[in-house]
Amino acid sequence: MLLHLKNGAKELLLDFLYYAAASILCAVSVRMFTAPNHIAPGGVTGLSTVINYLSGLPIGMMSLILNIPIFIWAILQIGYKLVGKTMIATVFVASAIDILSVLIPPYSGNPMLAAIFGGLLDGTGLSLVFMRGATTGGTDLIARLLNRRVRFVSMGKLMLCVDFVIVVISAIAYRSIESALYALIAIFVSSRMIDTILYGTDVGTGKVIFIISEKNDQIAQEILTDVERGVTYLDSKGAYTGRKGEVLLCAARRYEVVKIKDIVRTIDRNAFLIVGDAGEITGEGFREVRPEDKTLRELIERLKSEKK
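Residues numbered from 1 in each chain as written. Predicted model: local features only at pLDDT ≥ 70, side-chain atom pairs only at ≥ 80, totals over all residues. Heavy atoms only, no water.

Taken as a whole and judged by the stated rule, the model has four salt bridges. Aspartate 15 is paired through a salt bridge with lysine 85; the nearest N and O atoms lie 3.7 Å apart. Linking aspartate 15 in helix H1 (residues 2-34) with lysine 85 in helix H4 (residues 80-99), this pair joins segments that are 70 residues apart in sequence. What makes aspartate 15 buried here is its relative accessible area of 7%. One salt bridge connects aspartate 98 with arginine 31, and the closest N-O pair in it is separated by 3.4 Å. Here aspartate 98, found in helix H4, pairs with arginine 31, found in helix H1; they are 67 residues apart in sequence, far enough to count as distant. (Salt bridge = Lys/Arg side-chain N within 4 Å of Asp/Glu carboxyl O. Helix = DSSP H or I, 4+ residues; strand = E, 2+ residues; numbered from the N terminus. Buried < 20%, exposed > 50% of the residue type's maximum accessible area, 1.4 Å probe, protein only.)

Following this line, the structure appears as structure tokens:
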């Protein structure tokens, strides 16, 4: 029990540290680079930047206000756990954008540099939030919710559609096509930064490795002991030779691939090796398998059934 509480406190502390770092990066992105240069790179923050330009209302405050109906919708449709973390992360980011506005000097140089560095900082900040199992609301949550209605459209395309609408709104508000083009550059840079960071750090993504060798047993033992990764034997049969054999299957994190390849080549230089991407790996040693989150409607129905 005590160990469970300590682990919970540690995870909570890590959440807050990651959110704090992310909020500072996002605040610098908005206050130093994007907002001063009339760049609204999609999302609720981008829409809040446009509203700030038109009315003078604080960007962070508007971001919170615009996210409230999205949060309510998400709690009803998705579940309270993801939304709970997302609400905390959103408060952190929105507060930092307004509080640090007096400390962060605006950059008014080359708009291209503003778009690039704004996208880099924003992507890095969002990655820190994503790594802790949360989002910053806005586009991501809207895309998740819309995807429940239009399942034939991917999440990525839905997010792109929402961001595109906001970019068009910004072009009309700023009366500048260039502002919209710079916003698209910032969105692209941010998304690439997120992919780069998450693919290297997210414990749920990695590589899947297939090994065909005459020395499978020795290779499997070395991987088990040196890399501490599980290995599975798969029955196989060569289509040309008709010879039956076994294929080794191993799931590993990206930084472990080089070590596994070295083991295979050291033991058997003639081994056949296939390394592919694994978009998501769940289970022991990777992303923890958690029970499915419950929506507010499901929780209410459960309470009603228990009373009966």
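Let's pick the thread back up.
The next thing to look at is the packing of helix H2 (residues 43-55) against helix H3 (residues 59-77). Following both chains from N to C, one finds H2 and H3 inclined at 130°, their axes separated by 8 Å at the closest point. Between H2 and H3, the interaxial angle falls into the category oblique. By crossing handedness, the relation of H2 to H3 is classed as right-handed. Here Val44, Thr45, Leu47, Ser48, Thr49, Ile51 and Asn52 of H2 come into contact with H3, specifically with Ile59, Met62, Ser63, Leu66, Asn67 and Ile70. Grouping the amino acids of the contact of H2 with H3 by side-chain chemistry returns seven nonpolar, six polar and no charged. (Axes fitted to C-alpha atoms, helices over the stretch in contact; angles between N-to-C directions. Parallel < 35°, antiparallel > 145°, perpendicular 65-115°, else oblique. Left-handed = near helix turned anticlockwise from the far one by under 90°. Contact = heavy atoms within 4.5 Å. Nonpolar A, V, L, I, M, F, W, Y, C, P; charged D, E, K, R; others polar.)

When helix H10 (residues 257-267) is considered as a whole, its buried residues turn out to be Val257, Ile260, Ile263, Val264 and Ile267. When H10 is viewed along its axis, its buried side chains cluster within an angular range of 125° and face the same direction. With respect to the buried face of H10, the exposed residues turned more than 90 degrees away are Val258 and Thr266. In this fold, the buried residues of H10 make contact with strand E1 (206-212), helix H9 (216-227), strand E3 (244-252) and strand E4 (272-278). (Arc of directions from axis to C-beta.)

Here we come to the nonpolar core. In terms of nonpolar packing, the biggest core is built from 21 residues, with Ala27, Val30, Ile39, Ile59, Ile97, Ala115 and Val167 touching the most fellow members. At the level of secondary structure, the elements contributing two or more residues to this core comprise H1, H4, helix H5 (111-131), helix H7 (155-174) and helix H8 (177-201). Leave out the neighbours within four places in its chain, and isoleucine 39 touches Thr34, Thr49, Pro111, Ala114, Ala115, Tyr174, Tyr182, Ala183 and Ala186. With 17 residues, the next largest nonpolar core counts Ala220, Val227, Val257 and Ala271 among its residues. (Core = buried A, V, L, I, M, F, W, Y, C linked by side-chain atoms within 4.5 Å.)

As a further point, take the side chain of serine 213. Structurally, serine 213 is set in the loop between E1 and H9. Residue classification places serine 213 among the buried residues on the basis of a relative accessible area of 13%.

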